[in-house]
Structures are given as structure tokens and as C-alpha cells.
Amino acid sequence: MTVTTAIRADLLDFTAAPAWGDTGKGSDAPSGVRWRPDHWLLLDASGRIAGVQREDPAPGIARHDHRGRLLLPGFIDTHVHSPQVPVLASYGTALLDWLDTYTFPSETAWADEAVAQRGTALFLDALLAHGTTAAVVFPTVHKGSAEALFAGAAARGMRIIGGKVLMDRHAPDGLRDTVASAERDCVDLIQRWHGRGRCSYALTVRFAPTSTPEQLAMAGALCRADASLYLQTHVAENHDEVRWVAELFPQARSYLAVYDDAGLLHPRSVLAHGIWLDADDRARLATSGAHIAHCPTSNLFLGSGLYPWRTALQAGHGTSLASDVGGGTSMCLLRNAAAAYTVQALQGERLTAWCALHAATRGAAAALQLGHEIGSLEPGCMADFTLWDWSAGPLDTERQRVARGLHEQVFAWMTLADERHLAATWVAGQARYTRRTAA
Ligand code: GUN
Ligand code: ZN
């Protein structure tokens, strides 16, 4: 293995999940946190991480000196909607009205493949410009929207999990499929894209209200037929939604049980929100291996509720961090990490920077069974990483200057920084985003 490139920066990643509430002491980070200030990250010609060293690299190796910047593994956004940039920051509604008023009408435009392609390019470039190198994505019901997503991801070398949205009822004209058309489209997209490059297919059930029991069963059968497929959906986000699901599926023990009964819960299932679940649901998530994508800016913006992260942890199921744009208000997972802290504070809990950043990197990778590829700076992983300024103005510069200890420094950065602090994003060993500096 030949080292071709070396990047100098302050390296932060994780080797395991840090304990809840443990900030560490002074410059000593708790177990699971790997802090290597002023080191060189070494890349090989295949776009993978080759190692880390303190010493200057040998002559002949291309050097990128980002001394004084923070280098993190690229963020993994485990729940985001590619067509929802136009509905960001839509005023005045909670989930079900928000879908009817803004989101469904907006998504109908993606029936036009040219619109879907343009929107997808904007979306993927925006992910990179917000520090996200891998994502689990909902496009629209239209097959072409999934095609655009995978083609766009392949062109950028990004790690993307997605699939055409399944919805055969309770949606407007132009935004419904049928069991038969959906199955055909899924099978075709799976053949074309699942396992091709860095793309994986996810059966994508929008949520229980927009799929008939027959469509849920079809998705379950496809999951059973190939355990390497992912499954993504929404669950227990909002009170009115939970009530509606109980009316639509009176025989199911709970909202989560609707998915379980259809065979949709497995170790590659990613369920967004998971706020209003009971102890039996959480125990079932744990035994199934499915995990929750926590979407704090979305939950706060739509007034959906407060995710009980510590309860989830105690129940033994995983939690990753996600933006849920356009219900969420920022694609930047730093903004979402700061919101996640607030969501915990409102419940009398404290989310450390370590737990939050782990959930956006290595934790998400592990939950997606992709720890060998993404989420850390481990040799052999793809060289997907980001370079951040510790501060970008007089206030956060001063805050950094007075920070005592590593957690205080990183927590203040996580809370105050956003995409304007991002200097560069590398994917598979190539710089795919570089901040334009003022001329
Ligand atoms: N539930 C069903 N569809 C959606 C969506 O697009 N966004 C969110 N936040 N929740 C949903
Ligand atoms: Zn969503």
C-alpha cells in the first residue's frame, strides 16, 4: 500500500461509544474518544485511510497543511429528504398539515426527471458543503428521483443509501404508486444500484399511513428475500400521526408493530424520530437490531416532541443523528448536534459532545453496519473526512481561547460552529468541497 497524500490537522474520531454523560477530565478524553492533535492523516491511492502519524511524511507524498484546523470523519446523515430543500423553514404547521400544505405539493414536481436531477445535484452538493459525506436519503415516489440520487452520488463518490418512496394511499394525485408498480420499480432499481459503487438500496416506506397493508407486505417480502437491503421509514413522530396509525391499523399493538408485523424490522432498518414509543417498542427495536435516526431540529421546528435518548440507550437500541431536512432546519449536523443537546436539556439530561459527535460518525456507521467503510479514521476506511475552523469570528475565537480542557473546547465548537466553519470536505480521498475564500 503506497501512501500518496498526507493531511495535517487536529484529528478527532472515536474507537467506541463514549459513556453517557462522561466528558472526561481536562485534556483526558473518556474511553472511546481518540484525540490526536497536530497529526498527519495518510491516504493511499485507492482513496482509503492508510494511517496516522505525528512525524512529517516522507518526500514525494503530497502534503495538505491544515495545521490549527479540526479534522473529523465525514458526517453521516441517517435521515434526510433530497426533494425537500424548497420546503425548508415553512411556517405554521405540525407534521400532518405540513405534509399536506407544503411537502406533498412540492414533491409532485419531481415527476419531471429534469427537475429531479437538478434538485438532486443541488442537494448532494449541499450535503458536501455542510460536512456530510454519507447519507440515508428519501427521494420521492418517482423512480427517476431514486435514479437521480444514485447517479448523482456515484458521480461524487459519496456513500448513499436510498430508494424510491413507497406510497400508494393518502397522498395527492401524482404522488402515489401501486403495489405492482412499486414492486417493479424497486426490483429494477435494486438490480441497477444495490451494491454498485458506494450505493445501497433501502426499501423506503414513507410512513404507515401512506402505504396499504399490501404494500407493506410487499416491502417485507423484498427485505426477507435479501438481507443486505436496508429499510427506512418514519415512526412515532407526532401525536396526531400516532393516533391516525392506530385508526388505520386497529389490529396492531402499536405503531412500531405495524412495521414489525410486515417484516420490516431488522438490523438494516433505519426509523426516523421514534419519540412516542413505549418500553415494549424499544425492547423490540433492540432485539430486531433496528435503530432510530434522531432528528432534533425537525422535532423542535415541527413541535413533534422530545426524543428520550437516554431511555433509548437503556433499552438497548441505537440512536444516530440526522437532519430530516426539510422538516429539520439545517443540513449541518453540527446544528443538529447543538439542537440535540437542547432536546436533552429540556428533559433534565446532558448530551456530551462526545456522544453527539459519535452518533454523527462512528455510531451511525456501526448502526448501518458500515463501520468498516465510514465513520472513523481507522486504516482501511474510505478517506471521507472534513476540515473545520475552530472559530470563525471574534466571539467563538474568544470562547475557544478561554476553554478549559478538551471537552469544553469541542463542546463550545460543536454548539457555536456551523457550515461556515467548514474549510473542506474530502470523499474517497478527493477534495469534493473547498470553501471559497473572499477574493
Ligand atoms: N412522515 C412522513 N413523511 C414525512 C416527511 O417527509 N418528513 C417528516 N419529518 N415526517 C414524515
Ligand atoms: Zn423525514
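We now turn to the structure provided with this report. (Residues numbered from 1 in each chain as written. Chains lettered and ligands numbered in written order. Predicted model: local features only at pLDDT ≥ 70, side-chain atom pairs only at ≥ 80, totals over all residues. Heavy atoms only, no water.)

1. Observations concerning the sheet that holds strand 2 (residues 33-44)
Turning to step 1, where the next piece is worked out: Within the open sheet, the seven strands sit side by side as 3-2-1-4-14-15-16. Their pairing is mixed. Each of the sheet's edge strands pairs with one partner strand only, and the pair in question is strand 3 (49-53) and strand 16 (430-434). Averaged over all neighbouring strand pairs, the angle between strand axes comes to 35 degrees, with direction disregarded.
Turning to step 2, where the next piece is worked out: Here strand 1 (residues 3-14) runs beside strand 4 (residues 62-73); their pairing, made up of six bridges, is parallel. Within strand 4, the position partnered with arginine 8 by the bridge is aspartate 65. (Pairing = 2+ DSSP bridges. Helix = DSSP H or I, 4+ residues; strand = E, 2+ residues; numbered from the N terminus. Axes fitted to C-alpha atoms, helices over the stretch in contact; angles between N-to-C directions.)

2. Quick look at the packing of helix 3 (residues 143-156) against helix 4 (residues 179-193)
Turning to step 1, where the next piece is worked out: For the pair helix 3 and helix 4, interaxial distance at closest approach is 11 Å and the crossing angle is 10 degrees. Here helix 4 runs roughly parallel to helix 3, going by the angle between their axes. For the pair helix 3 and helix 4, contact is made by Lys143, Ala146, Glu147, Phe150, Ala151 and Ala154 and by Asp185, Asp188, Leu189, Arg192 and Trp193, respectively.
Turning to step 2, where the next piece is worked out: Residues that form the contact of helix 3 with helix 4 fall into these classes: six nonpolar, no polar and five charged. (Parallel < 35°, antiparallel > 145°, perpendicular 65-115°, else oblique. Contact = heavy atoms within 4.5 Å. Nonpolar A, V, L, I, M, F, W, Y, C, P; charged D, E, K, R; others polar.)

3. Brief notes about a nonpolar patch on the surface
Turning to step 1, where the next piece is worked out: A cluster of nonpolar side chains, contributed by Leu300, Leu306 and Leu346, occupies part of the molecular surface with about 250 Å² of accessible area.
Turning to step 2, where the next piece is worked out: Along the polypeptide, leucine 346 turns up in the loop between helix 11 (333-345) and helix 12 (353-359).
Turning to step 3, where the next piece is worked out: Take leucine 346: its relative accessible area is 56%, and that puts it in the exposed class. (Patch = residues over 30% accessible without salt bridge, like charges linked within 9 Å, V, L, I, M, F, W, Y side chains within 5 Å. Areas by Shrake-Rupley, 256 points an atom, 1.4 Å probe, with all protein chains shown as cover. Salt bridge = Lys/Arg side-chain N within 4 Å of Asp/Glu carboxyl O. Buried < 20%, exposed > 50% of the residue type's maximum accessible area, 1.4 Å probe, protein only.)

4. Focus: the pairing of strand 15 (residues 422-427)
Turning to step 1, where the next piece is worked out: Summarising burial for strand 15: six of the six residues are buried, a large majority.
Turning to step 2, where the next piece is worked out: The sheet contact formed by strand 14 (residues 385-389) and strand 15 spans four bridges and is antiparallel. Among the inter-strand pairings, threonine 386 is bridged to a residue of strand 15, identified as threonine 425.
Turning to step 3, where the next piece is worked out: Two elements, strand 15 and strand 16, share four bridges in a ladder whose sense is antiparallel. When the sheet's bridge partners are listed, alanine 424 is paired in strand 16 with threonine 434.
Turning to step 4, where the next piece is worked out: Taken together, strand 15 and the strand that follows it, strand 16, pair antiparallel across an intervening segment of two residues, in which alanine 428 is found at a positive phi of about 50 degrees.

5. Section: the site of ligand 1
Turning to step 1, where the next piece is worked out: Around ligand 1, the surrounding shell consists of His81, Gln84, Leu95, Trp98, Leu99, Arg206, Phe207, His234, Glu237, His273 and Asp324.
Turning to step 2, where the next piece is worked out: In the model, an oxygen atom of ligand 1 is placed 2.7 Å from a nitrogen or oxygen of the arginine 206 side chain.
Turning to step 3, where the next piece is worked out: Interatomic distance of 2.7 Å between a side-chain N/O atom of aspartate 324 and a nitrogen atom of ligand 1.
Turning to step 4, where the next piece is worked out: Here ligand 1 loses 100% of its free accessible area of 280 Å² to cover by the protein chains.
Turning to step 5, where the next piece is worked out: Here the element with the most residues in the shell around ligand 1 is helix 1 (residues 95-107); it accounts for three residues.
Turning to step 6, where the next piece is worked out: Residues that form the shell around ligand 1 fall into these classes: four nonpolar, four polar and three charged. (Near = heavy atom within 4 Å. Polar contact = N/O pair within 3.5 Å; in protein donor to acceptor, adjacent residues only side chain to side chain.)

6. Details of the pattern of salt bridges
Turning to step 1, where the next piece is worked out: Under the defined criterion, the tally for this structure stands at 28 salt bridges.
Turning to step 2, where the next piece is worked out: Between arginine 198 and aspartate 384 there is a salt bridge, with the nearest N and O atoms lying 2.7 Å from each other. With arginine 198 in the loop between helix 4 and strand 9 (199-205) and aspartate 384 in the loop between helix 13 (362-367) and strand 14, this residue pair connects regions lying 186 residues apart in the sequence. One exposure class covers both arginine 198 and aspartate 384, and it is buried.
Turning to step 3, where the next piece is worked out: A salt bridge links glutamate 398 to arginine 401; the shortest N-O distance between them is 2.9 Å.

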